[in-house]
Amino acid sequence: MSMPFTEASFENAIIEIFRDQLGYTYYYGPNVARDYNDPLFEDYLEPLLKRINSSMPPEAITEAIFHLKNFEAGSLVQKNEVFMDYLQNGITVNYFSDGKQCSGIVYLVDYKDIDKNVFCVANQWTYVENEEKRLDVIVFVNGLHLVVIELKSPSREETGVLEAYAQLRNYMLSIPSLFIYNAFCVISDQSMSKAGTITAGEDRYMEWKTTDGNYENTQYAAFDVLFEGMFEKNRFLDIIKNFICFSKEDGSDAKILAAYHQYFAVKKAVASTVKASGIDGDGRGGVFWHTQGSGKSLSMVFYAKQLQKALNSPTLVVITDRNDLDDQLFGQFSKCKDFLRQTPVQADSRTNLIKLLSGREANGIIFTTMQKFEEQGEPLSTRHNIVVMADEAHRSQYGFEEKVDPKTGKISIGTARIIRDALPNATYIGFTGTPISLKDRSTTEVFGNYIDIYDMTQSVEDGATRPVYYESRVINLKLDEATLHMIDKEYDAMAASADEYAIEKSKHELSRMESILGAPQTIDALCTDIITHYEDSRQYVLTGKAIIVAYSREIAMKIYRRILEMRPAWKEKVGVVMTSGNKDPEDWKEIIGNKQHKEELARKFKDNDDPMKIAIVVDMWLTGFDVPSLATMYVYKPMAGHNLMQAIARVNRVFRDKEGGLIVDYVGIASALKQAMNDYTVRDKKNYGDMDIAKTALVKFEEKLIVCRELLYGFDYTEFMTTNSDLTRAKLISRGADFLTGPSKEEKRNHFIRESLMLYQAFSLCKSMVDEKSRLEAAYLEAVRTMLTRVEGKGRLSFKDINDRINELLKQSVKSEGVINLFSDVNEEFNLFDPKFLEEIAQMKERNLAVELLKKLIAEQVSVYRRTNLVKSEKFSYMLSRIMKAYLNGMLTNEEVIDELMKMAADMTKAHYEGEKLGLSEEELAFYDALTKPAAVKDFYQNSELIAITKELTDSLRKNRTIDWQKKESARAGMRRMVKRLLKKHNYPPEGLEDAIMTVIGQCEMWTDNADMR
């Protein structure tokens, strides 16, 4: 018989990679003699610190270890931040040597000479703090356990990376000190392997899909790619030193681990910059194109840090083309200033920029805008060690040639020429989230060719971003042909030459567009439709956050006021975010506010629980502003090219189970979207060239709706779409789940669960295009799926969870404010030993569902016994297996299997309360069961004697237990000898029942192995 590939098998496979392929020293945790309360592996730590820091006296090493063991009071994250600084930069120590006070730096890792470090991997590593925990795999460098790896069995469907992540979070509460010294964590169930930090949510744990920076064949990366890709010794140390940082904001510090695409792209960018700045270089570092939302700003931070060493402390000049973008990017760098080990500065004027550049020969990260460069006679600096980092390189940082104004005859110099003249010997690198136009040669002339491309398709595949879908509602505004024609002309002009057009467009043309789009009847139609669409389709999607993009500041104010006239209660729900001007009407100022007010609105909008849900914007927040839960954007402003692509990317961020972002179009951006996609990669054009929900999500919805109907053929649920009775709806949900349950329907049930999930995902995007009957039908099918997956799925069965989820679904789709109780009293979590609850299940009309519920509850209790009570585990596992096997083979009817399961539940209930009658705890009862498993034992002893033996045995085990018992065979043998001596003292086992002692020993070993689960 073939053995299943268990978690232990998978653990051994990981160990083989580390030991045999990567050259790590391997230790089996239980065999390592050490202090289980000490998070440091000190046998390695002190001698290795002395070797790495050979010029430092013993006093300095002692002082460094003292710092490592003694952190100031603070949270786990704050302590980890201090440790990461020690790890990346060394520990500053003060010590006495030869009677003199000295200072120096003790390094924990030798990043220059890798062979001076010792890399170890250990499994089954026990640590004791608030609780005792045994970790699957730990990776050490120089005695510091830098990585915790949590594995789940590849062969058990009920476990996976979600459970591995939950386990890590539990460890951080149970054994927090271990995670003070953590660089990052890994979770894996073989099919999925992901890495993340102690502050990351499960959705921010990312796969590492390549070992060499090649993006080919990365859609389904094998598990060993992460381990070989991240833990090759040189790369592992490089990641630790240069690609982990803290982004600090308002006390909520986020620890960031670079994703694989960021790591390899930054390495390429640094190499390209070094080459471009060399003697034979041309000053063109290249263009770094990573699609919006995939972490470009943080890539720039990692690049800036790497460059300091690679180019011997250059001065970095970061250029954007708008003040708000300058603020946003400057803000990200400022949050990471500790990692960068220098404080970025912002040039507030041209004079200040000159001062900042002229006052230094090296170092410095200076932020400025395009506008602070202008035609001049003298360069700002002729230094060679300046690197210009241009954000969104294709917008305005181009143009070498002079241009003549045909009206005035004035000659103007291109922006690129102005900057090049100002910094003639600098090296230039461009960062962009959208591709360079095929027509745009100037960008390549300034920056060079692409260094790295991380396109939309790759980003969505990797889970770094979500796809963006499109819905047209232009027709709802009832605009006449002349207006639509004028809007088309706006797009044509933008496509011809966006920048020149913006400058040359006459005030007359602007005012005409303003008057048309701002007409009272049009604003009224727009706001009515947005409110209807939002309330019916989007307010319950994730956190309900949405952005309305207005054509102008005046129109933004009109939209704001009209929405509040229609919904006066929305005053806290809606806000306006836009620049203010000196000529603004008085009554605007309170609404727009000052800089602090805008910052407060940004904080509120980023807070998922804040009542502010809808932001009305014009230009602000359309680039560089991240709100992961934002899923909806209403567009009432013609946009094209990269401006359009950057704006819609606001809704592509990853957040929980977000299916994608939705762009709702009121000004006909469809053709502009298609035009903008022309510059993207071939596969991007194929996959995302037309994301109209009428052609994608709605088609998929209609297809899956037919499939789900066919799977429920024979069961009539049409009353769900017509009734107003919550009780009727509840019964139909239960009966629908029952119809798909039973031994002969497993394949159909699994098919329905898959298809109805895809139906609901499509429905979440195209809800506004679906008729009322189909909306209700979709809600019904999702409710049935929810019930099936909760009853049969992973984890403990929670009836409150089922009821809450289904009520939320119906609230969204049926507008029902009633409460459906699929189970009687949802305020209590019933258990198997509750006779009232068992009776309720036994009386259910949905007999297939009753079988599944009973099986699930009994199996949950059996799984508890597998960790606590050997005798009950064996007994009830066998009983459940026998009953269900007979049922699946058609030997028992529904009624018979329910009767058998009810009898079994009654037996388990009786066994559960045995301990109370005997005066034994659950723990003691397990040993009593083991002692009395052979029925004949009770012929030799009084029950009081057996109880006395039980209590003495339990007490002795508690007092003498050591961690070594869990896995160390010599210690385990000692435990067995102790148990045998104690039993022998009581003349146990009786003659002729010698095998009984093996059951008792087995229970002792189970108790030992699962001590950390109690």
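Keep in mind the model is a prediction, meaning the values are calculated, not measured.

**Student:** Any chance you could break down helix H7 (residues 223-231) for me, citing the residues and the numbers?
**Tutor:** Among the 9 residues of H7, 7 are classified as buried, and the element is accordingly described as predominantly covered. Listing the buried residues of H7 in full gives Phe223, Val225, Leu226, Phe227, Gly229, Met230 and Phe231.

**Student:** Can you break down the packing of helix H33 (residues 870-888) against helix H34 (residues 894-918) residue by residue, with the values?
**Tutor:** Two numbers describe how H33 lies on H34: the axes approach to 10 Å, and their chain directions differ by 175 degrees. By the angle between their axes, H33 is roughly antiparallel relative to H34. Residues Lys872, Phe876, Met879, Leu880, Ile883, Met884 and Tyr887 of H33 lie in contact with H34, whose contacting residues are Asn894, Val897, Glu900, Leu901, Met904, Asp907, Met908, Ala911 and Glu914. Class assignment of the residues belonging to the contact of H33 with H34 gives a composition of 11 nonpolar, 1 polar and 4 charged.

**Student:** Mind laying out the environment of valine 387, listing which residues take part and the relevant values?
**Tutor:** Considering the arrangement of structural elements, one finds valine 387 in strand E15 (residues 386-391). Judged by its relative accessible area of 1%, valine 387 is buried. Distance in space between the C-alpha atoms of valine 387 and valine 317 is 6.2 Å, their sequence separation being 70 residues. Apart from residues no more than four positions distant in its own chain, valine 387 is found in contact with Thr273, Tyr303, Leu307, Leu311, Pro314, Thr315, Leu316, Val317, Thr427 and Ile429.

**Student:** Lay out the sheet that holds E15 with the relevant residues and their values.
**Tutor:** Pairing in this open sheet of 7 strands is parallel, and the strands run E13-E14-E12-E15-E18-E11-E19 from one edge to the other. The open sheet has two edge strands with one neighbour each: strand E13 (345-346) and strand E19 (450-454). Here helix H13 (residues 350-358) sits on the sheet and contacts strand E12 (315-320), E13, strand E14 (365-369) and E15; the angle it forms with E14, its principal contact strand, is near 155 degrees.

**Student:** Can you tell me about the packing of aromatic side chains, naming the residues and giving the values?
**Tutor:** Considering all chains together, one arrives at 39 aromatic pairs under this definition. Centroid distance phenylalanine 41 to tyrosine 44: 5.2 Å. Interplanar angle 75 degrees. Geometry classified as edge-to-face. Summarising the burial analysis for this pair, phenylalanine 41 and tyrosine 44 share the class buried. Here the aromatic rings of tyrosine 534 and tryptophan 570 are separated by 5.9 Å at their centres, their planes lie at 75 degrees, and the arrangement is edge-to-face.

**Student:** Which residues make up the confidence of the model for the protein chain, and what are the values?
**Tutor:** Confidence in the prediction of the protein chain, expressed as mean pLDDT, is 82, and 85% of residues score 70 or more. In this model, residues 498-507 is a region of pLDDT below 50 whose contacts with residues beyond four sequence positions or in other chains number 9 contacts. A low-confidence stretch, residues 815-830 (pLDDT under 50), is modelled with 45 contacts involving residues beyond four sequence positions or located in other chains.

**Student:** An account of helix H27 (residues 726-739) is requested, with residue identities and associated values reported.
**Tutor:** Counted at 1.5 Å a residue, the expected span for H27 with its 14 residues is 20 Å, and the 20 Å between its end C-alpha atoms agrees. Counted residue by residue, H27 has 11 buried out of 14 residues, so it is predominantly covered. Between the side-chain oxygen of the N-cap and the backbone nitrogen of leucine 727 there are 3.3 Å, and the N-cap of H27 in question is serine 725.

**Student:** Any details on the nonpolar core? Residues and values, ideally.
**Tutor:** Of all hydrophobic cores here, the largest spans 141 residues; its most connected members are Ile559, Trp621, Tyr636 and Tyr780. Of the residues that make up this core, three or more belong to each of domain 3 (468-691) and domain 4 (698-824). Leave out the neighbours within four places in its chain, and isoleucine 559 touches Ile523, Leu526, Cys527, Ile548, Ala550, Ile616 and Tyr636. Within the second largest apolar cluster, 95 residues are counted, among which are Met56, Ile65, Phe184 and Cys336.

**Student:** Could you give an account of the pattern of salt bridges, naming the residues involved and the relevant values?
**Tutor:** Per the stated rule, a full pass over the model turns up 38 salt bridges. In this structure, lysine 194 engages glutamate 202 in a salt bridge whose closest nitrogen and oxygen atoms are separated by 2.8 Å. With a shortest N-O distance of 3.6 Å, aspartate 899 and lysine 903 are connected by a salt bridge. In this pair, aspartate 899 and lysine 903 both sit in helix H34, 4 residues apart, roughly one turn of the helix. Look at aspartate 899 and you get partly exposed, because its relative accessible area is 40%. Among the ionic contacts, a cluster of salt bridges with common partners joins Glu81, Lys248 and Asp338.

**Student:** Any chance you could break down unusual backbone geometry for me, citing the residues and the numbers?
**Tutor:** With the exception of glycine, most residues fall at negative phi, and the peptide bonds are largely trans. At asparagine 312, a position not held by glycine, the phi torsion is positive, near 55 degrees. The phi angle at tryptophan 621 is positive, at roughly 75 degrees, despite the residue not being glycine. Mapped onto the fold, tryptophan 621 is located in the loop between strand E23 (614-617) and strand E24 (632-636).

**Student:** Explain the pairing of strand E5 (residues 132-141) residue by residue, including any values.
**Tutor:** Along any regular strand, the residues point their side chains to alternate faces of the sheet. The buried fraction of E5 is high, at 10 of 10 residues. Judged from the 9 bridges that link them, strand E4 (residues 119-128) and E5 form a sheet pairing that is antiparallel. The residue bridging valine 121 from the neighbouring strand is valine 139, located in E5. Bridge count between E5 and strand E6 (residues 144-151): 5 bridges; the pairing is antiparallel. From the neighbouring strand, valine 141 faces E6, where its bridge partner is leucine 144. Here E5 folds back onto E6, and the loop between the two strands holds 2 residues, one of which, asparagine 142, carries a positive phi near 55 degrees.

**Student:** Please provide a residue-by-residue account of the packing of helix H9 (residues 260-276) against helix H10 (residues 296-310), values included.
**Tutor:** Here H9 crosses H10 at 45 degrees, and the two axes come no closer than 9 Å. Classified by the angle between their axes, H9 and H10 sit oblique to one another. The hand of the H9/H10 crossing is right-handed. Across the interface between the two elements, Gln262, Val266, Lys267, Ala269, Val270, Thr273 and Val274 of H9 pack against Leu298, Ser299, Phe302, Tyr303, Gln306, Leu307 and Ala310 of H10. Here the contact of H9 with H10 is composed, by residue class, of 9 nonpolar, 4 polar and 1 charged.

**Student:** Any chance you could break down the side chain of lysine 305 for me, citing the residues and the numbers?
**Tutor:** Of note, lysine 305 is situated in helix H10. No salt bridge is formed by the buried lysine 305; the nearest opposite charge belongs to aspartate 85, separated by 7.9 Å.

**Student:** Tell me about the sheet that holds strand E1 (residues 25-28), and please be specific about residues and values.
**Tutor:** Taken in spatial order, the 6 strands of this open sheet run E1-E4-E5-E6-E7-E8, and their pairing is mixed. The sheet is open, and its two borders are formed by E1 and strand E8 (193-196), each paired with just one other strand. Ignoring which end each strand starts from, the neighbouring axes of this sheet average 30 degrees apart. Lying over the sheet, helix H5 (residues 161-174) contacts E5, E6 and strand E7 (184-188), oriented at roughly 145 degrees with respect to E7.

**Student:** Explain the side chain of asparagine 123 residue by residue, including any values.
**Tutor:** Tracing the sequence through the fold places asparagine 123 in strand E4. Here asparagine 123 is in contact with Glu11, Asn12, Ile15, Tyr26, Tyr27, Tyr28, Gly29, Pro30, Leu135, Asp136 and Val137, once residues within four sequence places are set aside.

**Student:** Tell me about the state of the cysteines, and name the residues and values.
**Tutor:** Going through the model one piece at a time under the given rule, you end up with 0 disulfides. With no disulfide of its own, cysteine 245 lies closest to cysteine 336 among cysteine sulfurs, the gap being 4.0 Å.

**Student:** Kindly report on the pairing of E12, identifying the contributing residues and their values.
**Tutor:** For E12, the tally of buried residues reaches 6 of 6 residues, placing the bulk of the element in the interior. Covered by surrounding structure in E12 are Thr315, Val317 and Ile319 together with Leu316, Val318 and Thr320, the residues of both alternating faces. Sheet topology places E12 next to E15; 5 bridges connect them, and they run parallel. If you follow valine 318 over to E15, its bridge partner there is methionine 389. Note: E12 against E14, 5 bridges, orientation parallel. Bridge pairing links leucine 316 to isoleucine 365 in E14.

Conventions adopted
- Residues numbered from 1 in each chain as written.
- Predicted model: local features only at pLDDT ≥ 70, side-chain atom pairs only at ≥ 80, totals over all residues.
- Heavy atoms only, no water.
- Buried < 20%, exposed > 50% of the residue type's maximum accessible area, 1.4 Å probe, protein only.
- Helix = DSSP H or I, 4+ residues; strand = E, 2+ residues; numbered from the N terminus.
- Axes fitted to C-alpha atoms, helices over the stretch in contact; angles between N-to-C directions.
- Parallel < 35°, antiparallel > 145°, perpendicular 65-115°, else oblique.
- Contact = heavy atoms within 4.5 Å.
- Nonpolar A, V, L, I, M, F, W, Y, C, P; charged D, E, K, R; others polar.
- Pairing = 2+ DSSP bridges.
- Phe/Tyr/Trp six-rings, centres within 6.5 Å; stacked < 30°, edge-to-face > 60°.
- pLDDT = per-residue confidence, 0-100.
- Expected span 1.5 Å × (residues − 1).
- Polar contact = N/O pair within 3.5 Å; in protein donor to acceptor, adjacent residues only side chain to side chain.
- Core = buried A, V, L, I, M, F, W, Y, C linked by side-chain atoms within 4.5 Å.
- Domains from an automatic or database assignment.
- Salt bridge = Lys/Arg side-chain N within 4 Å of Asp/Glu carboxyl O.
- Left-handed = near helix turned anticlockwise from the far one by under 90°.
- Lys, Arg positive; Asp, Glu negative; His and termini not counted.
- Disulfide = S-S within 2.5 Å.

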